[in-house]
Amino acid sequence: MDLLLHTCCAPCSLFSWQAFQEKGYNVYGYFFNPNIHPYKEFSKRMETLRAWAAQEGHKVFIDERYLLEDYLQQVAAVACAAEKRCPICYRIRLEETARQARAKGLKNISTTLLISPYQKHELLRKMGAEIAQAHGVQFVYADLRPGFRESMNQAREKNLYRQGYCGCIYSEKERYHPESRKLAKQKKR
Ligand code: SF4
């Protein structure tokens, strides 16, 4: 059983890859992340993944297209609040993963986003299934969150680059801009 695994970065791939392999899938990675800003960060994550995959002997399709304008056009049109932008961001990446799987003759898709405790897990599950069905492939769901810490620890041990924010310019602001950090904390209370 082949599976095209949408891959956001190397650190999240460590545990995810293994988890799907243990379920019996022949895993192919697919790096497609037009949300990542700026380009230097995009490039750093992409090259870290490429190097790690080569070292492990994993097959990864690296989509080098940096479609920042397309991404921003869709996200900025609605609002920059995470509640609105993240679903669009997921959709862009999952849709393309499903299209690529179809084009490559792979029947199953999934995403490393399922490992993150910071993502909207149930939404990913529901959206993944809808998108896969629309494209004639199968979304393979797994709750990978219990492996998040382990994956990050492994990445640290392997000295892999680990990013400080989710990816988009808004998340970079929320991570580093003092006022935005304060607001985000208040929202969580
Ligand atoms: S916070 Fe992360 S998931 Fe949400 S829009 Fe930004 S990059 Fe995408």
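This text follows the structure it describes.
Remember, predicted model here, so these are calculated numbers, not experimental data.

## Observations regarding the environment of Q74
At step 1: Relative to the helices and strands, Q74 is located in helix α3 (residues 68-76).
At step 2: With 11 residues separating them along the chain, Q74 and R85 place their C-alpha atoms 8.6 Å apart.
At step 3: Discounting residues that sit within four places of it in the chain, Q74 has contacts with I88 and I92.

## Points about the pattern of salt bridges
At step 1: Scanning all chains against the criterion turns up 13 salt bridges.
At step 2: Measuring nitrogen to oxygen at the nearest pair gives 2.7 Å for the salt bridge that ties D63 to R65.
At step 3: Judged by its relative accessible area of 37%, R65 falls in the partly exposed class.
At step 4: Connected through shared salt-bridge partners, D63, R65, R91, E95, E96, R99, K126 and E130 make up one network.

## Some remarks on the pairing of strand β3 (residues 59-62)
At step 1: Looking at chain direction, strand β2 (residues 26-31) and β3 are connected through four bridges and run parallel. Residue pairing across strands places F31 opposite I62, the latter belonging to β3.
At step 2: Following the backbone out of β2, through helix α2 (residues 39-56) and into the adjacent parallel β3, one traces a crossover that is right-handed.

## Describing the sheet that holds β3
At step 1: Taking strand neighbours across the sheet as the criterion, the five strands line up as β3-β2-β1-β4-β5 in an open arrangement whose pairing is parallel. At either end of the open sheet lies a strand with only one pairing partner, and these are β3 and β5 (138-139).
At step 2: Across five bridges, the pairing between strand β1 (residues 2-6) and β2 is parallel. Its bridge partner lying in β2, L4 is registered against Y28.
At step 3: Together, β2 and β3 form the strand contacts of α2, whose direction differs from that of β3 by roughly 155 degrees.

## As for the side chain of S13
At step 1: Note on placement: S13 falls in helix α1 (residues 10-22).
At step 2: On the accessibility criterion, S13 (0% relative accessible area) is buried.
At step 3: A polar contact is formed between the side chain of S13 and the backbone oxygen of C9, at a distance of 2.7 Å.
At step 4: In this view, S13 contacts T7, L49, W52 and T112; residues no more than four positions away in its chain are not counted.

## Some thoughts on helix α4 (residues 82-104)
At step 1: The end-to-end C-alpha distance of α4 is 32 Å, a good match for the 33 Å that 23 residues give at a rise of 1.5 Å each.
At step 2: At the exit of α4 stands G105, carrying a positive phi of roughly 75 degrees.

## Section: α3
At step 1: Of the residues making up α3, those classed as buried are L68, Y71 and V75. For α3, the buried positions fall inside an angular range of 65 degrees around the axis, keeping them on one side. Residues of α3 that are exposed and angled more than 90 degrees away from the buried face: E69 and Q73.

The rules we used
- Residues numbered from 1 in each chain as written.
- Predicted model: local features only at pLDDT ≥ 70, side-chain atom pairs only at ≥ 80, totals over all residues.
- Heavy atoms only, no water.
- Helix = DSSP H or I, 4+ residues; strand = E, 2+ residues; numbered from the N terminus.
- Contact = heavy atoms within 4.5 Å.
- Salt bridge = Lys/Arg side-chain N within 4 Å of Asp/Glu carboxyl O.
- Buried < 20%, exposed > 50% of the residue type's maximum accessible area, 1.4 Å probe, protein only.
- Pairing = 2+ DSSP bridges.
- Right-handed = clockwise from strand over helix to strand, strands pointing away.
- Axes fitted to C-alpha atoms, helices over the stretch in contact; angles between N-to-C directions.
- Polar contact = N/O pair within 3.5 Å; in protein donor to acceptor, adjacent residues only side chain to side chain.
- Expected span 1.5 Å × (residues − 1).
- Arc of directions from axis to C-beta.

Remember that the coordinates give geometry; whether it matters functionally is a separate question.
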